[in-house]
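# Structural overview for review
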Number of protein chains: 2
Amino acid sequence: MKINKKTILLTNDDGIDAEGIYSLYKAFKEDGRFEIKVIAPDKENSAVGHAITVFRPISVREDYQKGKYFGYAVDGTPADCVKLAIGAILEDLPDLLISGINRGGNLGENIIYSGTVSAATEGTVCGVSSIAVSVDDVINPDYEYASEFVVKIAARILENGGLPKDTLLNINVPSIDKKEIKGTRITVQGDIGFRDNFVKRQDPRGRDYYWMDGEFMERNISKDSDYMAVKSGYVSVTPIHYDMTDYKSLDYFKAWDIEKLK
Amino acid sequence: MKINKKTILLTNDDGIDAEGIYSLYKAFKEDGRFEIKVIAPDKENSAVGHAITVFRPISVREDYQKGKYFGYAVDGTPADCVKLAIGAILEDLPDLLISGINRGGNLGENIIYSGTVSAATEGTVCGVSSIAVSVDDVINPDYEYASEFVVKIAARILENGGLPKDTLLNINVPSIDKKEIKGTRITVQGDIGFRDNFVKRQDPRGRDYYWMDGEFMERNISKDSDYMAVKSGYVSVTPIHYDMTDYKSLDYFKAWDIEKLK
């Protein structure tokens, strides 16, 4: 008798050949309870935010990564991959979309730049329960614990019948030894701040150009934030949504008599 | 006696030579109360979302648009323009950032793809009062009324000492005759839905590629939404923020015992 396995769609922004997505793939394969589909960018797409490709066609290559696993490599952004997966490649909606594991944390307001989070947001917009997963280390990330954790939380989400409509989870895992992980915290998006630095140079023809760089400022970091959880050795799970309305200021602006402007 | 004028930074995603930003420039110039700076992408950047450029340098050209006005043309995204303006080009923080006027509405969840909104979000992250402005017509937009409206609301914002920290305004103007505009509404981000369509083709070498297209679905559109306001002839002003935390679901997920996962 054939048992219908739940389908999990894996994508990311580091590209289909990144270590993080392969680590996830291995963990789900080993677990054996899920059908796994991989549809991811054919190259690194970090910091693309929620870009989509509208002015050129998107090519898709059926890709077998170095003999390791099968997936579709898309010459587009993470959001493109999700749109294509759901709108053109997969026959049915997946039961869960997982974006990651990203090399580097997606914490605080920095999630607005994140291709990893945008793929999960796109999944949510398309009606699929979606999570974004990152390991908070760009230099030497350890994906092992994060991958095990994701398999557990994926099972928990599916047991509960999926995520609430319009809500996704942004998960950040400290890059420390498994034994040192203190636990898991439900957190809020922190307000961590970032200062941009620009190095100005001139090209050989005398035209100005800039290299962008920057550093964290550690603004008002509340105890229940994603940032504090991860830096204290906890896995951070932040429920987020894409309704950006600032409800608390609706009345404030009404008092400005903006509605009388004409 | 020299009077210090308030400084307004104009940017957009349609590019420095777009009609929308020039219409804004003319309206502020005519008004005469403000110092105007223009720092915008050197080409169209629609649907780039909140992308930033981190893997290559960004060149900046001091640009005089067909003898019309002076501005800096940046070979980057709208968010890049704002980061560069604030971090490298302008000596002082501007008093107000205006992104637009976009050719086409930025309504409902579609703001997550919007370069126009992302520039205003970036301004807000950098501590500058910021607004995004769009005219809801891609074919034959009329920027005249929208530009007049923006000058009025800019003055109103500055009279009130700027926008609240972390809040920006997403403004959408119907593209109808000035006399037919019914007024202004403070709105919430609608839930309008979008269905992606993909046209699949093969290139001359037999490889698959896709063109993305799509259409609005008109989901649960509440009366107080941006979408309904604009489609009913009102200017829509939506206060938005970049805290994506879904506060209402924090307790829901705690009840899943996610914090016990390890």
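Anyway, here's the lowdown on the structure attached to this text. Small disclaimer: the values here were computed from a predicted structure and weren't measured. (Residues numbered from 1 in each chain as written. Chains lettered and ligands numbered in written order. Predicted model: local features only at pLDDT ≥ 70, side-chain atom pairs only at ≥ 80, totals over all residues. Heavy atoms only, no water.)

## Some thoughts on the overall build of chain A
Each helix and strand in chain A was counted, giving six helices and eleven strands. Over its C-alpha atoms chain A spans a radius of gyration of 20 Å, differing by no more than 12% from the 18 Å that the globule rule assigns to 262 residues. Here the C-alpha coordinates of chain A stretch approximately 65 × 50 × 50 Å along the principal axes. The proportion of buried residues among the 262 residues of chain A is 61%. Sequence-distant contacts in chain A: of pairs separated by 6 or more residues, those separated by 24 or more amount to 75%. Split by element, the accessible area of chain A, about 11,300 Å² in all, is 47% carbon and sulfur. Across chain A, the mean location of the 33 positive side-chain charges is 1 Å away from that of the 41 negative side-chain charges. (Helix = DSSP H or I, 4+ residues; strand = E, 2+ residues; numbered from the N terminus. Rg over C-alpha atoms; globule rule 2.2 N^0.38 Å. Buried < 20%, exposed > 50% of the residue type's maximum accessible area, 1.4 Å probe, protein only. Contact = heavy atoms within 4.5 Å. Areas by Shrake-Rupley, 256 points an atom, 1.4 Å probe, with all protein chains shown as cover. Lys, Arg positive; Asp, Glu negative; His and termini not counted. Charge placed at Lys NZ, Arg CZ, Asp CG, Glu CD.)

## Some words on the pattern of salt bridges
Any two side chains of opposite charge can pair, so long as their charged atoms come close to each other. Counted according to the given criterion, the structure contains 34 salt bridges over all chains. Ionic pairing is found between D63 of chain A and R61 of chain A, a salt bridge with its closest N-O pair at 3.0 Å. Looking at R61 of chain A, the relative accessible area reads 43%, which means it is partly exposed. The partner of D208 of chain B in a salt bridge is K200 of chain B, with the nearest N and O atoms 3.6 Å apart. Salt bridges sharing partners connect three or more residues here, namely K83 and E122 of chain A together with D196 of chain B. (Salt bridge = Lys/Arg side-chain N within 4 Å of Asp/Glu carboxyl O.)

## Examining helix α3 (residues 115–125) of chain A
Residue and element names in this part refer to chain A. In terms of residue burial, α3 counts as a mostly covered element, since eleven of its eleven residues are buried. Those residues of α3 that fall on the buried side of the exposure criterion are G115, T116, V117, S118, A119, A120, T121, E122, G123, T124 and V125. The N-capping residue of α3, defined by a side-chain oxygen 3.2 Å from the backbone nitrogen of T116, is S114. (Polar contact = N/O pair within 3.5 Å; in protein donor to acceptor, adjacent residues only side chain to side chain.)

## Here we look at the sheet that holds strand β4 (residues 69–74) of chain B
Taken together, the eleven strands give an open sheet; going across it, the order is β9(A)-β10(A)-β3(B)-β4(B)-β2(B)-β1(B)-β5(B)-β6(B)-β7(B)-β11(B)-β8(B), and neighbouring strands pair in mixed fashion. Across the chains shown, the open sheet's two edge strands, defined by having one partner strand only, are β9 (194–202) of chain A together with β8 (183–186) of chain B. Strand-to-strand twist across the sheet, computed as the mean angle between neighbouring axes with direction ignored, equals 25 degrees. By the bridge criterion, four bridges tie β8 of chain B to strand β11 (residues 234–240) of chain B in an arrangement that is parallel. Bridge pairing links R185 of chain B to S236 of chain B in β11 of chain B. Where helix α2 (residues 78–89) of chain B meets the sheet, it contacts β9 and β10 (208–216) of chain A together with β1 (6–11), β2 (34–41), β3 (58–65), β4 and β5 (96–103) of chain B, and its direction lies at approximately 130 degrees from that of β2 of chain B. Contacting β9 of chain A together with β1, β5, β6 (130–135), β7 (168–173) and β11 of chain B, helix α3 (residues 115–125) of chain B runs over the sheet at an angle of about 170 degrees to β6 of chain B. (Pairing = 2+ DSSP bridges. Axes fitted to C-alpha atoms, helices over the stretch in contact; angles between N-to-C directions.)

## Re the packing of helix α1 (residues 19–31) of chain A against helix α4 (residues 143–159) of chain A
All names here are of chain A. Direction vectors running N to C along α1 and α4 enclose 50 degrees, while the axes themselves pass 9 Å from each other. Taken as axis vectors, α1 and α4 run oblique relative to one another. The way α1 lies across α4 gives a crossing that is right-handed. Of the residues in α4, those in contact with E19, G20, S23, L24, A27, F28 and D31 of α1 are Y143, S147, V150, V151 and A154. (Parallel < 35°, antiparallel > 145°, perpendicular 65-115°, else oblique. Left-handed = near helix turned anticlockwise from the far one by under 90°.)

## Let's talk about unusual backbone geometry
Note: most peptide bonds trans; most residues except glycine with negative phi. Residue and element names in this part refer to chain A. Between G100 and I101 the backbone carries a cis peptide bond, its omega angle lying at -5 degrees. Within the secondary structure layout, I101 lies in strand β5 (residues 96–103). The phi torsion at D166 lies on the positive side, around 75 degrees, for a residue other than glycine. The exposure class of D166 is partly exposed, given its relative accessible area of 24%.

## Focus: the packing of aromatic side chains
Residue and element names in this part refer to chain A. This model, assessed by the stated rule, comprises 20 aromatic pairs over all chains. Among the aromatic residues, those joined into a cluster by ring pairs are Y22, Y25 and Y69. The ring of Y22 has K68 lying over it, and the distance from NZ or CZ to the ring centre is 4.1 Å. (Phe/Tyr/Trp six-rings, centres within 6.5 Å; stacked < 30°, edge-to-face > 60°. Lys NZ or Arg CZ within 6 Å of the ring centre and 35° of its normal.)

## Quick notes on α4 of chain A
Residues and elements named next belong to chain A. In a regular helix each residue adds 1.5 Å, so 17 residues correspond to 24 Å; α4 covers 24 Å between its end C-alpha atoms and thus fits that length. Of all 17 residues that make up α4, twelve are buried, and the element is covered over most of its length. Taken together, the buried positions of α4 are occupied by Y143, Y145, A146, S147, F149, V150, V151, I153, A154, A155, I157 and L158. Between the side-chain oxygen of the N-cap and the backbone nitrogen of E144 there are 3.0 Å, and the N-cap of α4 in question is D142. The positive-phi residue at the C-terminal boundary of α4 is G161, with phi of around 80 degrees. (Expected span 1.5 Å × (residues − 1).)

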